[in-house]
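Okay, here's what each chain looks like letter by letter:
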Amino acid sequence: MYDAIKLTYNVSGDDFTRAGEASSDVKGKLKKMNVPPDAVRKVAISMYEGEINMVIHADGGQITVEITKDCITMILADKGPGIKDIDQAMQAGFSTAPDNIRTLGFGAGMGLPNMKKYSDEMKIETEIGVGTTVTMKVFI
Amino acid sequence: MTVKELIDNNIFELVNNGGNGDTVITKPFACDLLSFAMSKASADCAWFTVMGNMNTIAVSVLADCACIILCEGAELDEPGMAKATQQNVTVFKTDEPIFEAALKLYNLL
Ligand SMILES: Nc1ncnc2c1ncn2[C@@H]1O[C@H](COP(=O)(O)OP(=O)(O)OP(=O)(O)O)[C@@H](O)[C@H]1O
Ligand SMILES: [Mg+2]
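Everything numeric in this text was worked out from a predicted model, so none of it was measured. (Residues numbered from 1 in each chain as written. Chains lettered and ligands numbered in written order. Predicted model: local features only at pLDDT ≥ 70, side-chain atom pairs only at ≥ 80, totals over all residues. Heavy atoms only, no water.)

Student: If you had to explain the site of ligand 1 to someone new, which residues and values would you point to?
Tutor: In the vicinity of ligand 1, 22 residues are found, and the nearest of them are His57(A), Ser95(A), Thr96(A), Gly107(A) and Met110(A). Chains contributing residues near ligand 1 are chains A and B. Between ligand 1 and the protein, one listed contact pairs an oxygen atom with a side-chain N or O atom of Thr96(A) at 2.5 Å. If you list the elements that add at least two residues to the shell around ligand 1, you get α2 (37–57) and α5 (111–118) of chain A. Its residues assigned to classes, the shell around ligand 1 comprises 10 nonpolar, 10 polar and two charged. (Near = heavy atom within 4 Å. Polar contact = N/O pair within 3.5 Å; in protein donor to acceptor, adjacent residues only side chain to side chain. Helix = DSSP H or I, 4+ residues; strand = E, 2+ residues; numbered from the N terminus. Nonpolar A, V, L, I, M, F, W, Y, C, P; charged D, E, K, R; others polar.)

Student: Go over the pairing of strand β3 (residues 71–78) of chain A with me, naming the residues and quoting the values.
Tutor: Remember that side chains alternate between the two faces of the sheet whenever the strand is regular. Residues and elements named next belong to chain A. Burial of β3 is extensive: six of the eight residues sit out of reach of the surface. Of the strand pairs in this sheet, strand β2 (residues 60–67) and β3 are connected by seven bridges, and their pairing is antiparallel. Directly across from Gln 62, in β3, lies its bridge partner Ala 77. Where β2 folds back on β3, the antiparallel hairpin that results is connected by three residues. (Buried < 20%, exposed > 50% of the residue type's maximum accessible area, 1.4 Å probe, protein only. Pairing = 2+ DSSP bridges.)

Student: Outline a nonpolar patch on the surface, listing residues and values.
Tutor: All names here are of chain B. A grouping of Phe 99, Leu 103 and Tyr 106 is seen on the molecular surface, where their side chains present a nonpolar patch of about 360 Å² in accessible area. Structurally, Leu 103 can be placed in helix α5 (residues 98–108). Leu 103 gets classed as partly exposed once you look at its relative accessible area, which sits at 37%. (Patch = residues over 30% accessible without salt bridge, like charges linked within 9 Å, V, L, I, M, F, W, Y side chains within 5 Å. Areas by Shrake-Rupley, 256 points an atom, 1.4 Å probe, with all protein chains shown as cover. Salt bridge = Lys/Arg side-chain N within 4 Å of Asp/Glu carboxyl O.)

Student: I'd like a rundown of the pattern of salt bridges, residues and numbers included.
Tutor: Under the counting rule described, the total for this entry stands at eight salt bridges over all chains. Linking Arg18(A) and Glu21(A) is a salt bridge whose minimum nitrogen-to-oxygen distance equals 3.0 Å. The class for Glu21(A) is partly exposed, based on a relative accessible area of 28%. A salt bridge links Asp8(B) to Lys4(B); the nearest nitrogen and oxygen atoms lie 2.6 Å apart. Here Asp8(B) pairs with Lys4(B), and both are found in helix α1 (residues 3–9), just four residues apart, close to one helical turn. You can call Asp8(B) partly exposed: its relative accessible area is 48%. Shared partners join several salt bridges into a network, and the residues in it are Lys27(A), Lys31(A) and Asp64(B).

Student: Before we move on, can you summarise unusual backbone geometry with the specific residues and values?
Tutor: All names here are of chain B. Phi angles above zero are rare outside glycine, and Asp 44 is one such case at about 65 degrees. Take Asp 44: it is sitting in the loop between α2 (34–40) and β3 (46–49). A relative accessible area of 29% means that Asp 44 is categorised as partly exposed. A positive phi angle is found at Asn 88, which is not glycine, with a value near 55 degrees.

Student: Explain the state of the cysteines to me, and be specific about the residues and the numbers.
Tutor: Residue and element names in this part refer to chain B. In the structure shown here, the tally under the stated rule is zero disulfides over all chains. Cys 45 supplies the cysteine sulfur nearest to Cys 31, a cysteine that is in no disulfide, at a spacing of 10 Å. Cys 67 takes part in no disulfide bond, and the closest cysteine sulfur, belonging to Cys 45, lies 8.0 Å away. (Disulfide = S-S within 2.5 Å.)

No statement about biological role is implied by the geometric values presented.
Structural data, given as structure tokens:
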């Protein structure tokens, strides 16, 4: 197979010209490494949603991806406003996205539910005014 | 039907040729909300939407869509066009509403 790899990406806030680039890059690398398509899709969906949330809700942040032969771990850390009520945020349809973001097609309130659904493990650590770290794992 | 056949068919106007002419289109998929599209679009689908921006292109790449068809006369904006070119995404446009456009393709598959 392959050795463990660690990738890091800086995601800038409110920069839609680059939103999704980190996820696309990881997807391309996983494909080249012959990771099964099902796992690649799960990573692509969950990481993209997390990346977009960092851009829209948290003014950017940093993503670390660790790839081993049996697991892909994504750590998305931001210094944004934090999430007040995680249970509420996790509900399908809940969104605080402003109108200008909604006109771009975001704001369905489906990002966090998608992340939960498509990752095998997900943990959210958040503190108001300090930031949010989302850790997701997809097993190969 | 392949992407190339859809281009040659001329029912939709080509906006960007992503060079994936050999891709076989599996089915039409219609949705404008990106998080729904991200989780529901299946590989090699033809995605019908009115959202012509770079986020549509990004989702299409991540979800492995065969092509995008912008409906209701929606245009691909300039950053979207740049991203489609860079990421090799085939994009069409049409003045028809989403349902009619998707049905047209459905009847050709
Ligand atoms: N990193 C984050 N920092 C602060 N708040 C966040 C963060 N991620 C999510 N949230 C909050 O949780 C809500 C729900 O997030 P979710 O991704 O499910 O929906 P959305 O981003 O609003 O819309 P969609 O993802 O469907 O485009 C957001 O509207 C926002 O209030
Ligand atoms: Mg979201």
